[in-house]
Amino acid sequence: MTDNQLLLALYRDMRRIRSLEERVSEMFVRSETAGSMLHLSIGEESVAGVCRAMEAKDSFTTHHRGHGIFVARGAEPSRMLAEIAGKANGYCRGKGGSMHIADMGLGHLGANAIVGGGIAHAVGAALAYKRKKQKRVAVAFYGDGAMQQGILYESMNLAALWSLPVLFCCINNQYGMGTRVDRATANLAFDERARAFGLAGEIVDGSDVEQVHEAAERMLANARDGKPGLLVLTCYRFYGHARMDKSPYRDSAEEEQGRRRDPLQSARDKLIARKGAGAESLDALDAEIAAEMDNALEQAIAEHLPDIATMFEDVYAPDQPKPTPLRARLSAILSEMTR
Amino acid sequence: MTDNQLLLALYRDMRRIRSLEERVSEMFVRSETAGSMLHLSIGEESVAGVCRAMEAKDSFTTHHRGHGIFVARGAEPSRMLAEIAGKANGYCRGKGGSMHIADMGLGHLGANAIVGGGIAHAVGAALAYKRKKQKRVAVAFYGDGAMQQGILYESMNLAALWSLPVLFCCINNQYGMGTRVDRATANLAFDERARAFGLAGEIVDGSDVEQVHEAAERMLANARDGKPGLLVLTCYRFYGHARMDKSPYRDSAEEEQGRRRDPLQSARDKLIARKGAGAESLDALDAEIAAEMDNALEQAIAEHLPDIATMFEDVYAPDQPKPTPLRARLSAILSEMTR
Amino acid sequence: MSAVETTYREALRQALIDAMEQDPDIVVMGEEVGLYGGAYGVTKGMLEMFGPERILDTPISEPGFVGAAVGAAMSGLRPVVELMYVDFVGLVMDQLANQAAKIRYMFGGQIGVPMVLRSQGGTGRSAAAQHSQSLEAWMAHIPGLRVAMPATINDAYHLLRHALTLPDPVVFLEHKGLYTQKGMLDVSKPDGPWGKALVRRPGNDVTIVAYSKMVQESLIAADMLAAEGISAEVIDLRTLNPLDDATLVQSVRRTHRAIVVTEAHQTGGFSAELSARLHELCFDHLEEPVVRVAGEDIPIPVSPALERGSVPNAQLIAETGLWLVKRQAPGWAAE
Amino acid sequence: MSAVETTYREALRQALIDAMEQDPDIVVMGEEVGLYGGAYGVTKGMLEMFGPERILDTPISEPGFVGAAVGAAMSGLRPVVELMYVDFVGLVMDQLANQAAKIRYMFGGQIGVPMVLRSQGGTGRSAAAQHSQSLEAWMAHIPGLRVAMPATINDAYHLLRHALTLPDPVVFLEHKGLYTQKGMLDVSKPDGPWGKALVRRPGNDVTIVAYSKMVQESLIAADMLAAEGISAEVIDLRTLNPLDDATLVQSVRRTHRAIVVTEAHQTGGFSAELSARLHELCFDHLEEPVVRVAGEDIPIPVSPALERGSVPNAQLIAETGLWLVKRQAPGWAAE
Ligand SMILES: Cc1ncc(C[n+]2csc(CCOP(=O)(O)OP(=O)(O)O)c2C)c(N)n1
Ligand SMILES: Cc1ncc(C[n+]2csc(CCOP(=O)(O)OP(=O)(O)O)c2C)c(N)n1
Ligand SMILES: [Mg+2]
Ligand SMILES: [Mg+2]
C-alpha cells in the first residue's frame, strides 16, 4: 500500500467514526437512545491509526468513549446503534448499551464504564496469548483521566515484568469530564511514566493519523515480541463530556483552537495536497458513508426492544442455575398463605 | 551538633530499634505475643536517619514492619511490647497489636496491615497541614512491595499536584515476603517513578545512616515547602518475613552478604574510626539499652489482659450509639419466648 | 424560619453550604465537585463561594483521594468526599471498610475519622450495570461505618448536616432519581432525630419499611392500597446504621404484617437484615411472614423497560400488600 | 479409589494439582503462590511441578492481577487467583463485582469469565482487624458471582474441582482455622453435588445452618445438645451461590426451629439472608423465630481472648439451642 492509499483508507475509517457519532447524537435528539450517557469520540478519530495497525487476530478493550475504536475495528454500525438504543439485536442484546459494547468475534473484549476498568483485562488477554503461544497483541484503550488510576501502573508493571504482548493506548483528549488534564496531573510527560515502569513510551500528535499509525505499527510489533509500550495520542475532545454537557468549564476560544486539531480535516488536506484523492472523490466517499450510517440509524431505530423475560438470561451460562425472579419468590411465599 | 554527635545519637536510635525487635522475638518464643504476625525491622534500622531528621510536630504512617520507626520516633518500649502482647495498657488497648500500633501524641497516624494502606493517609494529613497553614510534614513509610500498589501512584500524583508537605519513604529491604524485589518490579529505578509523577526521587544506601539522615533532612525541608519527594532506603531484611518464616526462598550466601549491609555495625565502625566514641562506651550504651528493653519486656509481660467487655468499646466515639452485643440481642429475642 | 419549597439536590447543596459556613474545617473533595459543580450538580457554585482550598477537584483516583480524606480527617479536617457513583465503591472498599471504619477501634479509641462519603446510587437513567447499583449492604455490614439514605428533601438537608457533626465516618447515599424532586425544606426543623426511623404515613393493616427512593414508591403503594381499603403504614428508615429497629418493631407488632422494600438486589441485601430482625423481634405478633420486595438478582440492564423491570415499583409493592393482607393474588402469581 | 486421611490444606492442593493436570488452561496466580508455596501453603511445591508459566507469582498489585485474571479468563485461560486474605477484597471489589460478575450479562451472553478467586478468612490467629474478617456477604450479594465455602476436607477438594469446571466466576473462600484440620478425602466421591446443602448430622428438634468453620462448631454444639436430650440437625450450606434453600426449608419444616450460624458480623451478614428465607418459606412451620448466632458487630480485636469472644463458638450455639428448644436460659440471659 502506498502512503496515499493508506492515508485514504485511514481517512475513510475516520470519516466513518465521525459519521457514526453524528448519528448517535441524532438518535439522542430523536429520543431513541437508552439513556443519555453517550460519550462521542469526535476529535479522536485518529485512533483509526492504531486500529488499522492492529492485525485481525489482535484484541482490545475500550472505555466509555469507545464507539470510534470499535467502528475502526470493523463494527457493524447498525448493531452498534441498536445496542446504544437498547434494542434486542444490539451487540449485547440491549443489556450493555453504549458503555458496554463488546464483540468477541471482532476481538472487542469490552467497553467499560469504570474509568481504568478494562485496562487490566488487556494485560490478562496478553497473558493468555503468551501462554498459548499465539502471536496476538491486546490493546487497552483509555483516556487521559485513567492515567490517574492506580490499576494502570499495576498493569504496566505486570506487562513489563512478564514481557506481555500488550499496548497501552491513552487517548489524551485534554479532558476528564470538566477537568483539563493539567488540573489532574502533576507531570504531563506520560511517556516518562511508562519508561519508569519499564515500558516503551511515546507521545504522538493525534491530529496526524499517519504519525499515529506509524508509531502504532512500530509499538505493536514490539509488543508482539514481548516489549509492551504506552502510546499517547494527543488530541482534543471537540464536544462535551457526554452528549448533554455543554462544557461551560472551558471557553470557546480554547474550543475553537482545539477543534483546529482535526485529524479528519488534516488527512483530507494532505490527501488533496499530495494528490492522493480529489476533493470530489472525497466528497463522494463522505456521502457514501453518510448514506451507510443513515441507513444503519434507521435500521437500528426500526429494531424491536428486548422481551422483558430476557432480563433473567445471561447472568450465568445457559446451563447453570438461574436467578429466581422476584415474582416467583413472592409466589412461593404468599401462595403458602392461601393454604 | 557535630557529625560525630549526630552519628552517636543515630547509633543509639538504631541500637534501641534492634534491641526492641530482639525482645519482640523473645516475647514470641515465650508465647507472650498476640499471634505470630510479627515483622521485625532488623537490618532496616537506618530509618532512624529519617526519623531523627523529622521535627517533633511531624507525623507519619507506617506499615506492618513499623516497630523500628516508632521506636525512633519516641515510643515507650513497654507500651509497644504490651500492645504486641495484646495487653490492656498497650498503645491500642490490646485491640490493634503489632500491625496497628499508633499514637496520636507522637504523631504516629498508624501502622497498617494492608500493604500500601497507610500511604494515602499521610497525603491527607499533609493536606490538612497545608490547609491549616501548619509547617508540618507527614511521612509515609512503607516497603518495596508497596511500590506495586496503585494507590501509591495516585497518592504521589495528588501530593505533587497539590504541592503537599509529604515525604514518601520506601524501605527497600529487597523482599516482599518471599519475592525478591526484582521478581516483582520491571524497572528497579524507583526514583524515576517519583520523577515521572512530578516528585523528587532519591535512592540512598540504607546501610549508611548518615547518608539517610542527610537526604531525609534535605527532602523533608523541600516537602515542608510543598515539594514532596520519594526517598528510597536500600537495605536488607536480615530475617524472615514474619517471625516464623525461615526464608527458604533465598540462600544463605545471599543472606550473609545482605547482613553485611548492617547500618548498626557500620555506624559503630565509623564512630570508632572517627573517634566519635570508643568501643567500651558503645558497649556500655548497648548494655544500657539492653537493660532498658529487658525491663520493658518484663513490664509488658506483667501487664494484664484487657477485660472482655472492652471489646465493645471504641467501635464508635464514646457518646455515640454502640453496637448491641450478640448475647443482648439473643436475650431480647428469646426472652420473649418465655411469655 | 419556615419551610420553603426546594429540590433534593438544592437541599443537599444548602446543607453543605450551611455546614461549611459554620465549620471551617469542612472541605469538599472529589471528581468534578469544583469547576463542574458536581456530576449531579450538588456542589454547583461552591467553588466560587469557598475557593479551591475548600472545594477540591481531584484526579480520577478514587482509592487515593478517599485515602487522603481518611488521613485528613485524622488530622483536623472534616472532609466530605463525593464518590460520583456508588458503583465505584468497589475501588475504595479497602479505604472505607479496612481503614476509615476500623481506625478508631484498631487504635484503641485514640482518634476517629470524621469524614462523610457522599455518593449516589439507583436506577432510572439507563446508566447500565456499572452506574445503577444500590450497594448499601456492603457498607451496612461493616462495624464503624454509619450509613444514611435520605428519602425526603428535609432529610437530605438535616441528615447531611448531622452527618457533618459526627465523630465517625458516615456513608451518605443519595439517589439519582431524587435530585430533581421537589418538596419542603425547613432548615430549623429536622424530620426527626438522627438514627430514628420515621412513620411517614400511619396505618394499621400492614407495615411497609423502606428507605431512599423506595419510600416514595411505598407511599404511592399505600395510596393504591387505601383505594382497596387497606391501611398501610410506611416507615422510612433514614439511617441503616444506626438502625432503629424499635420503631419498626413497634409498628409491626401492631399491624401484624410487614413488607420490606429495597431497590438493591434481594439476595444478601439489607432487606434481609430488616426481615430477619422483624421476624426475630415480632415473631409472635406476625400473621404472615415479613415479605421482601427488592431488586432482582441480576445486573441492571440498560434497555429502559428492562431496567425498570429489574427493580420494585409502587405497583408491585401494592400488589404484594393486597395479596398479603387480603389474599388477593396478582395476575403474575404462580398457580 | 477409597478414602485417605489428609488435611484441608492438602485436599485443596490436591484439587489444584489434579485439575491442572487435566486442564492445561488452568493457571494459578497471586502473591507468593510460587516460590513461597502460598502464605498458607496451599500451593506448596506446585511451582516445581508446573513451572513459572502456570504458577505465577505476582507483585503486590491486587486490582491489577485480579483484573488480569478477568482478561485471561475471557481469552482462553482458567485462572485460579489467590487473594492472600479475604480482607484484601476491598481492593478488588470493582474487578470482582463490576467486571468479573457482570461481563457475561453486560455483553449479552457473549462470553463468561471462568475464573476462581481463592481466598481465606476468619479468626483464630490474632491477626487483628484487617486479617481476620469474614466478608462473604459482599460477594454473595452480587449476581454473577458463585460463592463456595467448604467446611470439610472432602468438600475442599471436590468443590474446588467443580469450581474449576464452571463457566462463571467463583469466589472460593477457605478458612484459616481449617487448613491443618484432618479428615477423610475420597477423590472419587464428592460429599454431594455442587449447589446442594448437606445434612451433616440428622436431628429432629432444631436445625442448625452453617458453612465453613462454623459447621464444625455446630457439630460440636449438636453433641453438647445431645447430652441435654436435644436432637439437632446440622446443615452445611457449602455454597452461598447457588443457594439451596430447599434443603434448609425441608429440614426446618420438620424441626420447627432453626439457628443460623456465621462467623461474619451479624448485621447485614449472610445469616440475615438465611434467616429471611427460612421465615419466608417456613413461617407456618416455625415454633419460634429463626435465631442468628453470628459475629459481633465490631472489628476483630487482636488480643486472643477478645478475638475469641467476638465470634460464635460451639458453647454459644449450644446455649442458644437449649434456650430455643427447652427454654432453659443461659447464665448471660438478660432478665
Ligand atoms: C472509576 C470511575 N470514576 C469516575 C467515573 C466518572 N467518569 C466517567 S468518564 C470520566 C472522565 C474520564 O476521562 P478520560 O479518562 O480522559 O476519558 P474521556 O472521557 O476524556 O474520553 C469520569 C470521571 C467513572 N465512570 N469511573
Ligand atoms: C494489600 C495486601 N496485600 C498483601 C498483603 C500480605 N503481605 C503482608 S506483608 C507483604 C510483603 C510486603 O512487602 P514490603 O512492602 O516490601 O514490606 P516488607 O515486608 O518487606 O517490610 C505481603 C504480601 C497485605 N498485608 N496487604
Ligand atoms: Mg480525556
Ligand atoms: Mg520489602
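Worth saying up front: this structure is predicted, and the values here are computed from it rather than measured.

Colleague: Can you walk me through the overall build of chain C in this structure?
Modeller: If you tally the helices and strands in chain C, you get twelve helices and 14 strands. Relative to its length of 335 residues, chain C is compact, with a C-alpha radius of gyration of 20 Å against a globular reference of 20 Å. Dimensions along the principal axes, computed over C-alpha positions, put chain C at roughly 60 × 45 × 45 Å. Each of the 335 residues in chain C was classed as buried or not, and the buried ones make up 76%. The long-range fraction of contacts in chain C, counting pairs at least 24 apart against all pairs at least 6 apart in sequence, stands at 82%. Side-chain charges of chain C comprise 27 positive and 40 negative groups, with the mean position of each set lying 3 Å from the other.

Colleague: Hey, could you run me through the interface of chain B and chain A in this one?
Modeller: Accessible area lost upon the coming together of the parts serves often as the stated size of an interface. Counting residues at the interface gives 20 residues for chain B and 20 residues for chain A. For the pair chain B and chain A, the interface holds 14 residue pairs in polar contact (both at pLDDT 80 or more). Of all elements in the fold, only helix 6 (150–161), helix 7 (181–184) and helix 8 (190–196) of chain B reach the threshold of two or more residues within the side of chain B that touches chain A. Considering every element that reaches the side of chain B that touches chain A, the biggest residue donor is helix 6 of chain B, with six residues.

Colleague: When you look at the packing of aromatic side chains in this model, what are you seeing that I'm missing?
Modeller: For any pair of aromatic rings, the description consists of the separation of the ring centres together with the inter-plane angle of the planes. Applying the stated rule across the entire model yields 31 aromatic pairs over all chains. Judged by centre distance (6.4 Å) and plane angle (75°), the ring pair of Phe238(A) and Tyr239(A) falls under edge-to-face. Taking the relative accessible area as the measure of exposure, Phe238(A) reaches 4% and is therefore buried. Assessed through its relative accessible area of 43%, Tyr239(A) is described here as partly exposed. Relative to Phe88(D), the ring of Tyr85(D) has its centre 5.4 Å away and its plane inclined at 45°; by these criteria the two rings are tilted. Residue class for Tyr85(D) comes out buried when judged on its relative accessible area of 4%. Put simply, the rings of Tyr8(C), Tyr40(C), Tyr85(C), Phe88(C) and Tyr179(C) pair up and form one aromatic cluster. In this arrangement the basic side chain of Arg327(A) is found over the ring face of Trp332(C), its NZ or CZ atom lying 5.6 Å from the centre. Above the plane of the ring of Tyr316(B) lies Arg146(C), whose end atom (NZ or CZ) is 3.5 Å from the centre.

Colleague: I keep staring at the site of ligand 1 and nothing clicks. Help me out?
Modeller: Taken together, 23 residues surround ligand 1, and among them His64(A), Arg65(A), Gly145(A), Tyr175(A) and Glu62(C) come closest. Residues lining ligand 1 come from chains A and C. His64(A) places a polar side-chain atom, nitrogen or oxygen, 2.6 Å from an oxygen atom of ligand 1. Between ligand 1 and the protein, one listed contact pairs an oxygen atom with a backbone N or O atom of Ala146(A) at 3.2 Å. Contact with the protein chains removes 97% of the 570 Å² of surface that ligand 1 exposes when unbound.

Colleague: Help me out: how do you make sense of the coordination of the magnesium ion (ligand 3) in this one?
Modeller: For a metal with four tetrahedral donors the ideal donor-metal-donor angle is 109.5 degrees, while six octahedral donors give ideal angles of 90 or 180 degrees. Residue and element names in this part refer to chain A. Those protein atoms acting as donors to the magnesium ion (ligand 3) are Asp-144 (OD), Asn-173 (OD1) and Tyr-175 (O), and they sit at 2.0 to 2.1 Å. Read in sequence order, the donor residues coordinating the magnesium ion (ligand 3) give the pattern D-x28-N-x1-Y. Highlighted residues: Asp-144 in the loop between strand 2 (138–143) and helix 6 (150–161) and Asn-173 in the loop between strand 3 (166–172) and strand 4 (175–176), separated in sequence by 29 residues. Take Asp-144 and Asn-173: they sit in the same class, and that class is buried.

Colleague: How should I be thinking about the site of ligand 2 in this particular structure?
Modeller: Around ligand 2, the surrounding shell holds 23 residues, and the nearest of these are His64(B), Arg65(B), Ala113(B), Tyr175(B) and Glu62(D). Two or more chains meet at ligand 2, and those chains are chains B and D. Between Val115(B) and ligand 2, the recorded distance is 3.0 Å, taken from a backbone N or O atom to a nitrogen atom. Its free accessible area being 570 Å², ligand 2 has 98% of it covered by the protein chains. Among the residues making up the shell around ligand 2, the classes are represented as ten nonpolar, nine polar and four charged.

Colleague: It is not clear to me how the interface of chain D and chain C should be interpreted in this structure. Could you clarify?
Modeller: In this complex, chain D contributes 48 residues to the contact, which on the side of chain C involves 48 residues. Together chain D and chain C conceal approximately 4,200 Å² of surface at their shared face, both sides included; 61% is due to carbon and sulfur atoms. For chain D, the biggest contributors to the area lost against chain C are Trp138(D), His141(D) and Phe283(D); these three give 18% of the whole. Summed over the shared surface of chain D and chain C, the result is four salt bridges. Linking Glu280(C) and Arg292(D) is a salt bridge whose minimum nitrogen-to-oxygen distance equals 2.8 Å.

Colleague: Just to check I follow, could you spell out the coordination of the magnesium ion (ligand 4) for this structure?
Modeller: All names here are of chain B. Taken together, Asp-144 (OD), Asn-173 (OD1) and Tyr-175 (O) make up the protein donors of the magnesium ion (ligand 4), found 2.0 to 2.1 Å from the metal. Sequence positions of the donors to the magnesium ion (ligand 4) reduce to the motif D-x28-N-x1-Y. In this pair, Asp-144 sits in the loop between strand 2 (138–143) and helix 6 while Tyr-175 sits in strand 4 (residues 175–176), placing the two residues 31 residues apart along the sequence. For the pair Asp-144 and Tyr-175, a shared accessibility class is recorded, and that class is buried.

Colleague: Please explain the domain arrangement of chain C as it appears in this structure.
Modeller: All names here are of chain C. As assigned here, chain C comprises domain 1 (4–185) and domain 2 (198–330). Placing the centre of domain 1 and that of domain 2 at their C-alpha centroids yields a distance of 27 Å. In this assembly, 27 residues from domain 1 lie in contact with 24 residues from domain 2. Together domain 1 and domain 2 conceal approximately 2,200 Å² of surface at their shared face, both sides included; 53% is due to carbon and sulfur atoms. By the criterion of area lost to domain 2, the three top residues of domain 1 are Thr-123, Ser-126 and Met-149, representing 22% of everything that side buries.

Colleague: How do you make sense of the sheet that holds strand 7 (residues 170–175) of chain C when you look at a structure like this?
Modeller: Paired through their backbone hydrogen bonds, the strands of a sheet run either parallel or antiparallel. All names here are of chain C. In space, the seven strands of this open sheet follow the order 3-2-4-5-7-6-12, with mixed pairing throughout. Sheet topology places strand 3 (55–57) and strand 12 (239–241) at the edges, where each strand pairs with a single neighbour. Each strand axis lies, on average, 20° off the axis of its neighbour in the sheet, ignoring direction. In terms of strand pairing, strand 6 (residues 146–148) meets strand 12 through two bridges, oriented antiparallel.

Colleague: Would you explain the nonpolar core in this entry?
Modeller: Membership of the largest hydrophobic core comes to 470 residues, with the highest contact counts inside it found for Tyr142(A), Phe168(A), Tyr142(B), Phe168(B), Met139(C) and Met139(D). Every residue in contact with Tyr142(B), bar those within four places of it in the chain, is listed here: His63(B), Ile119(B), Met147(B), Leu152(B), Met156(B), Phe168(B), Cys169(B), Cys170(B), Ile171(B) and Leu230(B).

Colleague: Would you explain the environment of Lys213(D) in this entry?
Modeller: Residue and element names in this part refer to chain D. By secondary structure assignment, the location of Lys-213 is in helix 8 (residues 213–227). Each C-alpha atom of the pair Lys-213 and Asp-236 lies 9.9 Å from the other, and the pair is 23 residues apart in sequence. When residues no more than four places from it in sequence are discounted, the contact partners of Lys-213 are His-175, Gly-177, Leu-178 and Gln-181.

Colleague: What is the right way to look at the packing of helix 8 of chain D against helix 12 (residues 314–326) of chain D in this model?
Modeller: The relative placement of two packed helices is expressed as an angle between their axes plus a distance between the axes. All names here are of chain D. Remark: helix 8 packs on helix 12, axes separated minimally by 8 Å, with the N-to-C direction vectors making an angle of 50°. Classified by the interaxial angle, the pair formed by helix 8 and helix 12 is oblique. Once helix 8 is placed against helix 12, the crossing between them reads as right-handed. Within the contact between the two elements, helix 8 uses Glu-217, Ser-218, Ile-220, Ala-221, Met-224 and Leu-225 and helix 12 uses Ala-314, Gln-315, Ile-317, Ala-318, Gly-321 and Leu-322. Taken together, the residues that form the contact of helix 8 with helix 12 break down as eight nonpolar, three polar and one charged.

Each value, and the rule that gives it
- Residues numbered from 1 in each chain as written.
- Chains lettered and ligands numbered in written order.
- Predicted model: local features only at pLDDT ≥ 70, side-chain atom pairs only at ≥ 80, totals over all residues.
- Heavy atoms only, no water.
- Helix = DSSP H or I, 4+ residues; strand = E, 2+ residues; numbered from the N terminus.
- Rg over C-alpha atoms; globule rule 2.2 N^0.38 Å.
- Buried < 20%, exposed > 50% of the residue type's maximum accessible area, 1.4 Å probe, protein only.
- Contact = heavy atoms within 4.5 Å.
- Lys, Arg positive; Asp, Glu negative; His and termini not counted.
- Charge placed at Lys NZ, Arg CZ, Asp CG, Glu CD.
- Polar contact = N/O pair within 3.5 Å; in protein donor to acceptor, adjacent residues only side chain to side chain.
- Phe/Tyr/Trp six-rings, centres within 6.5 Å; stacked < 30°, edge-to-face > 60°.
- Lys NZ or Arg CZ within 6 Å of the ring centre and 35° of its normal.
- Near = heavy atom within 4 Å.
- Areas by Shrake-Rupley, 256 points an atom, 1.4 Å probe, with all protein chains shown as cover.
- Donors = N, O, S within 2.8 Å, 3.2 Å for Na, K, Ca; no water.
- Nonpolar A, V, L, I, M, F, W, Y, C, P; charged D, E, K, R; others polar.
- Buried area = accessible area lost by both parts, 1.4 Å probe.
- Salt bridge = Lys/Arg side-chain N within 4 Å of Asp/Glu carboxyl O.
- Domains from an automatic or database assignment.
- Pairing = 2+ DSSP bridges.
- Axes fitted to C-alpha atoms, helices over the stretch in contact; angles between N-to-C directions.
- Core = buried A, V, L, I, M, F, W, Y, C linked by side-chain atoms within 4.5 Å.
- Parallel < 35°, antiparallel > 145°, perpendicular 65-115°, else oblique.
- Left-handed = near helix turned anticlockwise from the far one by under 90°.

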